[in-house]
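This is what each chain is made of:
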Amino acid sequence: MTAPVSNLTSLVNIIADNVSVIEDLANRMGTSYPTISDLYEPHSKQEELTLNPEVLSAAMLAVSAASQLAATLKLPGLTLLDRANAFHIPSALRVTSEACVVEILRDAGPQGMHVQDIANQTGIQPGILGRSLRLLSTHYVFAEISPNVFVNNRLSSMMDTGKDTKYLIDIAKTRKSTSKSDDIVSNVAGDKYTDTNGVAALIDQCVDEVFKSSSRISHVAAVNDYSKTPFQCAMQYNGSMWEFFEKYPGYLQRIQMAMVGFSHLQPHQQMISGFDWSKLKKDSYVVDVGGGNGSEALAITKKAPHVKIFVEDLEQTIAQVTTPTWNSNPTQKSLIESEKVVLQAHDFFTVQPSHIVSKVSLYHLRFITHDWPTPEGIKILKQLRASSLDDTRLMLVDQIVPYACPIPEDLGKIEGAISLPTPAPLLSNLGEANSDVYTTDFTMAALLNAQERTLGEFHSMLNEAGWEIETIYQAVGSSLSQIVCKVI
Ligand SMILES: C[S@@+](CC[C@H](N)C(=O)[O-])C[C@H]1O[C@@H](n2cnc3c(N)ncnc32)[C@H](O)[C@@H]1O
């Protein structure tokens with residue numbers, strides 16, 4: 001009689017089985033999985049391997065099992081302490097970002113640089129910088145290769161803006177000389193982030209205003225007063241977050257680039273290719289509602305060259321971000337000049353202009369409903385319903401929060417609403433392997449008293465606004481989905 005497999009062995013077996021799936025594929029592709037010490041090379045064969053759907057699925061299971069194994073084996077009190085102190089990591093990331101460490105270490109190359117020499121370049125105190133780098137290295141961001149000598153690694157190099165280091169150091173010095181030490185609002189230099197992959201913008205936004213705001217979530221919950229957002233409490237600002245961004249253009253530029261960064265973090269999410277763009281009627285209109293800097297609209301011009309695209313956003317965003325972005329790129333400029341793409345100020349809480357309604361085939365909303373509490377989400381969706389033709393479709397591109405249990409039967413019948421079975425003893429939502437959707441949900445709570453939604457929450461919000469989910473398209477290893485709806 002064979003002994004039953006222990007919980008620990010089951011977890012180890014899941015890791016071993018899935019790692020061998022990955023290594024088999026790597027061998028067939030003639031490459032290897034990148035190590036943590038490699039620099040991030042987005043176009044390398046190694047990074048291409050990491051985005052293969054089979055590899056993504058296997059990696060999700062292995063990561064889920066490995067983190068469950070770590071949480072099981074480490075003494076529970078120490079795991080709890082880790083969780084409770086996790087907020088020190090954003091502090092350390094902010095210290096290193098303000099000191100331009102990623103770019104300084106890029107210039108230093110594989111031999112790295114002593115923390116004293118890194119510190120000398122921006123005038124930061126080497127003590128706290130070294131401790132920040134060691135805390136981060138312990139969490140696999142940067143590496144300490146000899147005492148106090150650090151190098152970039154796969155994680156840290158992903159935040160490289162690619163910009164000239166001296167230019168960034170000058171920006172950092174100007175920031176320091178014009179900010180008071182007790183400033184809650186520091187003068188963000190948006191130029192640091194333009195023409196980058198957006199990852200630095202995303203990380204800097206997380207470790208600045210999101211971090212500050214998150215510390216106020218429990219206060220808002222405790223007093224049960226949602227008339228103010230945690231962001232408003234933290235930044236001591238009475239207007240909305242969007243008004244704040246309009247008042248401080250550096251923050252506005254940063255959040256728009258952060259959206260671009262979000263796509264680069266999970267490039268496979270761009271592979272969501274389920275929706276058949278060719279089916280849209282020739283010369284009909286696609287409206288990218290709350291389209292920001294228009295990066296998605298640009299992607300749509302390639303998938304659906306036969307339609308006209310309107311990028312709508314708030315007046316200031318169109319003037320300060322979208323228009324300069326499109327005018328500075330010759331291809332995008334020519335799309336504007338030929339009127340294939342129209343950039344237009346429009347408040348999505350109001351009905352669409354009649355010239356749009358007459359020919360609209362699709363309203364596209366990426367990362368919009370997650371910015372709003374459900375009553376406001378319903379108002380936005382109702383305005384679009386009132387601005388639709390019978391065959392107009394609505395596409396929400398947002399993350400669907402997985403339940404931590406099997407999907408309810410009625411929701412499971414919606415086309416594309418898959419919920420993959422997970423092997424025991426893993427959590428059914430794959431736990432830490434899927435943690436980004438739950439942290440993004442808290443980011444929405446921190447900034448806007450808003451939220452990411454489960455499929456059930458999407459279903460009822462859409463129904464209330466006069467829309468019915470027709471099909472959902474998802475990519476492996478991603479909670480970002482295209483939720484395509486028709487009018488009821
Ligand atoms: C999270 S960003 C998403 C941007 C873009 N859809 C993307 O995926 O990159 C939300 C956008 O909604 C815009 N927005 C906020 N309030 C708005 C309103 N009342 N009317 C139109 N756009 C608005 C913001 O300016 C911002 O560009």
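Residues numbered from 1 in each chain as written. Predicted model: local features only at pLDDT ≥ 70, side-chain atom pairs only at ≥ 80, totals over all residues. Heavy atoms only, no water.

(A) Broad picture of the packing of aromatic side chains. This model, assessed by the stated rule, comprises 15 aromatic pairs. Ring centres of phenylalanine 244 and phenylalanine 245 lie 5.9 Å apart, and the angle between their planes is 70 degrees; this geometry places the pair in the edge-to-face category. (Phe/Tyr/Trp six-rings, centres within 6.5 Å; stacked < 30°, edge-to-face > 60°.)

(B) Spotlight on the domain arrangement of the protein. If you check the domain split of the protein, you get domain 1 (7-82), domain 2 (86-179), domain 3 (193-265) and domain 4 (276-487). Just the C-alpha atoms count here: the centres of domain 2 and domain 4 sit 36 Å apart. (Domains from an automatic or database assignment.)

(C) Geometry of the nonpolar core. Ranked by internal contacts, the top residues of the largest apolar core, which has 79 residues, are Tyr363, Leu365, Leu381, Leu394, Leu462 and Trp467. Two domains each put at least three residues into this core: domain 3 (193-265) and domain 4 (276-487). Residues within four places of leucine 381 in sequence aside, it is in contact with Leu365, Thr369, Leu394, Leu396, Met461, Leu462, Ala465 and Trp467. Among the nonpolar cores identified, the runner-up in size contains 26 residues, and Val101, Met113, Phe150 and Val199 belong to it. (Core = buried A, V, L, I, M, F, W, Y, C linked by side-chain atoms within 4.5 Å. Buried < 20%, exposed > 50% of the residue type's maximum accessible area, 1.4 Å probe, protein only. Contact = heavy atoms within 4.5 Å.)

(D) Spatial organisation of empty space enclosed by the protein. Applying the stated criterion across every chain yields a total of 2 cavities of 30 Å³ or more. When its volume is computed, the largest cavity comes out at roughly 160 Å³. Residue lining of the largest cavity: 15 residues in total, with Glu98, Arg175, Lys192, Tyr193 and Asp204 positioned closest to the centre. Of all the elements in the fold, those that place two or more residues in the lining of the largest cavity are α5 (88-98), α10 (165-178) and α11 (199-214). Residue contributions to the lining of the largest cavity peak at 4 residues, all from α10. Summarising the domain contributions, the lining of the largest cavity has at least three residues from each of domain 2 (86-179) and domain 3 (193-265). (1 Å grid on protein atoms, 1.4 Å probe; cavity = no way out; pocket = protein on both sides within 12 Å on 5 of 7 lines; lining within 4 Å. Points joined across faces, edges and corners; volume = space filled by probe spheres on them. Helix = DSSP H or I, 4+ residues; strand = E, 2+ residues; numbered from the N terminus.)

(E) Structural context of the environment of phenylalanine 348. The residue phenylalanine 348 is located in the loop between β6 (341-345) and α19 (354-357) in this model. Counting along the chain gives 36 residues from phenylalanine 348 to leucine 384, while the straight-line C-alpha distance between them is 8.2 Å. Once you skip the residues sitting within four places of it in the chain, phenylalanine 348 turns out to touch Val289, Gly290, Ile368, Trp372, Ile380 and Gln383.

(F) The side chain of threonine 31, seen in detail. Mapped onto the elements of the fold, threonine 31 is located in the loop between α1 (7-29) and α2 (45-50). Overall, threonine 31 belongs to the buried group, its relative accessible area being 16%. When sequence neighbours within four positions are dropped, the list of residues in contact with threonine 31 reads Ala26, Lys45, Gln46 and Leu49.

(G) Here's a closer look at the site of the ligand. Neighbouring residues of the ligand: 18 residues in total, closest Gly290, Asp313, Asp347, Phe348 and Arg366. Interatomic distance of 2.6 Å between a side-chain N/O atom of aspartate 313 and an oxygen atom of the ligand. Taking arginine 366, its side chain carries an N or O atom lying 2.6 Å from an oxygen atom of the ligand. Considered on its own, the ligand offers 590 Å² of accessible surface; in the complex 97% of this is hidden by protein. (Near = heavy atom within 4 Å. Polar contact = N/O pair within 3.5 Å; in protein donor to acceptor, adjacent residues only side chain to side chain. Areas by Shrake-Rupley, 256 points an atom, 1.4 Å probe, with all protein chains shown as cover.)

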